[in-house]
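Geometric and topological summary
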Amino acid sequence: MFINLLENPELIRGAARMVAEEDGIHLFRMTEELQKFYSYSDVAELRASCTSGVRVVFETDSPLLTMGVRFGRCAREYFYVDIMIDNMECLRFGPEDNQDEYIFSTELPEGEKRVEIYLSHCSEAIITGLEVAEDANVSPCEEFDRKIMFIGDSITQGMTAFSGSRTYASLVSAALEVEFHNVAVGGAIMQGKVGELALALEWDDAVVAFGVNDYNGCLKLEDVAAEATLMLENLSKRKGAKIYLLTPISIARESDINRDGVSLQQFRDAIAEAAAPFKNVKVIDGAALVPPEAGLFFDGLHPNEDGMAVYAENLYSQMLVVQ
């Protein structure tokens, strides 16, 4: 049985827009305004176009599933689709390199189950087909009570995890049992305008995680603090929202002093100080989220999948305090 996503948009999570074109169903996590904002460079526009955190979620009793995907432009050559069964078992599919169309089939466990399909988080992913057994039941899953918006850079986009279900944003959301929408973009710096544009999307709480690129780019501390203040002012317009402001995580390198002689800790302090006037903002110390151990990092700067798991576990503990 063919699942028509255009007629069943309630099966899509983590996307702002869905567009049918000749080559398949295109899913966009950014609004048109956010996509335009990140068009300041070809690299940023591409990373904003990746389907990070975009999922297809449904309940079914089907014993099998077949899916077709086209991978468009890529930020990293990770072409994977993850299928989570009842939030536990993960099935991973994908080609070793990009190709015109990738079609896979898999058996599913017997009986009724929750199926959550994570699209590629480091490339554009276009769905060309989605099918279950002919006589199977397919129904939307009930949404969790709250939705978290993740705003940040490549670490939050998850660009050094191999697949979308292994990013810290995906892992911590699953642990908290919340919906999530990821609008993080690799290479981004703290820019308050993003908070304003994010108000067009549906979310209840927000995680904001910037600072490493600001530190590497030797931006002035006062400018970073001003942008952080603007970000929090904009996000705080969402009534009842909790905002988790994450300062930069540790780096596994010999020095954490940038070319201007400013330490990563000084950036943490500047970002944290911006939160002082906001009662709805919880500051979480990034230095406590991932220890600076080489085995947890892809390149000394970005966590690998082990680092993402540690990040998610520690962030989960911190977020539980104010749930």
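Quick look at the structure, then. Numbering of residues starts from 1 in every chain and runs along the sequence as written. Local features are withheld for residues below a pLDDT of 70 in this predicted model, meaning they are given only at 70 or higher, and side-chain atom pairs are given and counted only at 80 or more; totals for whole chains, interfaces and linings count all residues. Side-chain metrics rest on all non-hydrogen atoms present in the structure, leaving aside hydrogens and water.

At their nearest, the axes of helix α4 (residues 168-176) and helix α9 (residues 305-320) sit 8 Å apart, and the two run at 45 degrees to each other. Put simply, α4 runs oblique to α9. At the point where α4 passes α9, the crossing takes the right-handed sense. Side by side, α4 and α9 meet where Y168, L171, V172, A175 and L176 of the first sit next to M308, A309, Y311, A312, L315, Y316, M319 and L320 of the second. Gly is put with the polar residues, along with every residue not named as nonpolar or charged; the nonpolar set is Ala, Val, Leu, Ile, Met, Phe, Trp, Tyr, Cys and Pro, and the charged set is Asp, Glu, Lys and Arg. Taken together, the residues that form the contact of α4 with α9 break down as 13 nonpolar, no polar and no charged. As a rule, the C-alpha atoms of each element are fitted with a line to give its axis, helices using only the stretch in contact, and angles between N-to-C directions run from 0 to 180 degrees. Numbering of helices and strands runs from the N terminus, with a helix taken as a DSSP run of H or I at least four residues long and a strand as a DSSP run of E at least two residues long. If an angle is under 35 degrees, it is roughly parallel; if it is over 145, roughly antiparallel; if it lies from 65 to 115, roughly perpendicular; otherwise it is oblique. By convention, the crossing between two helices is left-handed when the near helix turns anticlockwise from the far helix through less than a right angle, and right-handed when the turn is clockwise. In this analysis, two residues are considered to be in contact whenever any of their non-hydrogen atoms come within 4.5 Å of each other.

Here we come to a negative patch on the surface. Taken together, the side chains of E59, D86, E89, E112, E142 and D145 make up a negatively charged region of the molecular surface. Relative to the helices and strands, D145 is located in the loop between β11 (138-139) and β12 (147-152). Partly exposed residues are those whose accessible area sits between 20% and 50% of the maximum for their type, while under 20% is buried and over 50% is exposed, using a 1.4 Å probe and protein chains only. Taking the relative accessible area as the measure of exposure, D145 reaches 78% and is therefore exposed. The patch calculation keeps residues exceeding 30% relative accessible area without a salt bridge and links them within 9 Å when they carry like charges or within 5 Å when they are nonpolar (Val, Leu, Ile, Met, Phe, Trp, Tyr). Shrake-Rupley sampling with a 1.4 Å probe provides the accessible areas, and residues are treated as covered by the protein chains on show and by no other component. We define a salt bridge as a side-chain nitrogen of Lys or Arg found within 4 Å of a carboxyl oxygen belonging to Asp or Glu. Lys and Arg are tallied as positive, Asp and Glu as negative. Neither His nor the chain termini are counted. To locate a charge, the coordinates of NZ of Lys, CZ of Arg, CG of Asp or CD of Glu are taken.

Any two strands between which DSSP finds at least two bridges are classified as paired. The strand order across the open sheet built from five strands is β2-β3-β10-β5-β8, with neighbouring strands paired in antiparallel fashion. Where the open sheet ends on each side, the last strands, each with one partner, are β2 (17-21) and β8 (102-107). With direction set aside, neighbouring strand axes in the sheet form an average angle of 30 degrees. In terms of strand pairing, strand β5 (residues 64-74) meets strand β10 (residues 123-132) through eight bridges, oriented antiparallel. The residue bridging C74 from the neighbouring strand is S123, located in β10.

For the rest of this paragraph, the subject is the pairing of β8. Alternating positions in β8 separate cleanly, Y102, F104 and T106 being buried on one face and I103, S105 and E107 remaining unburied on the opposite face. The pairing of β5 with β8 spans six bridges and is classified as antiparallel. Bridge assignment links G68 to a residue of β8, and that residue is I103.

Think of a 1 Å grid over the protein atoms and nothing else: a 1.4 Å probe that fits but is trapped marks a cavity, an open set flanked by protein within 12 Å on at least five of seven lines marks a pocket, and residues with an atom within 4 Å of a point count as lining. Grid points are joined across faces, edges and corners, and a volume is the space filled by probe spheres set on the points. In this model, the largest pocket occupies a volume close to 330 Å³. Contributing to the lining of the largest pocket are 18 residues, with I12, A15, A16, K147 and E202 lying nearest its centre. Only β1 (12-13), β2 and β13 (179-182) provide two or more residues apiece to the lining of the largest pocket. Among the elements that make up the lining of the largest pocket, the one with the highest residue count is β13 (three residues). Residue classes in the lining of the largest pocket are distributed as nine nonpolar, three polar and six charged. Estimated volume of the second largest pocket: approximately 150 Å³. If you trace the second largest pocket, you find it lined by M84, N87, M88, C90, E116, Y118, S165, R166, S170, L171 and A174.

Buried Ala, Val, Leu, Ile, Met, Phe, Trp, Tyr and Cys residues form a nonpolar core when they are joined through side-chain atoms within 4.5 Å. Ranked by internal contacts, the top residues of the largest apolar core, which has 65 residues, are I151, Y168, L235, L246, Y311, L315 and M319. Excluding residues that lie within four positions of it along the chain, L235 makes contacts with I151, G195, A198, L199, W203, A206, V208 and I243. In this structure, L27, F104, A133 and A136 belong to the second largest nonpolar core, which totals 31 residues.

Here the focus is empty space enclosed by the protein. Enumeration over the complete set of coordinates arrives at one cavity of 30 Å³ or more. In this structure, the largest cavity is lined by D153, I155, A209, F210, G211, V212, L246, T247, P248, I249 and Y311.

A few words now on the sheet that holds strand β16 (residues 281-284). The strand order across the open sheet formed by five strands is β13-β12-β14-β15-β16, and the pairing between neighbours is parallel. On the outer flanks of this sheet lie β13 and β16, each paired with one strand and no other. With direction set aside, neighbouring strand axes in the sheet form an average angle of 20 degrees. Of the pairings in the sheet, the one linking strand β14 (residues 205-209) to strand β15 (residues 243-246) comprises four bridges and is parallel in character. Bridging from a neighbouring strand, V207 pairs with Y244 of β15. Contacting β12, β13, β14 and β15, α4 runs over the sheet at an angle of about 160 degrees to β12.

Read these as spatial facts, not as claims about activity.
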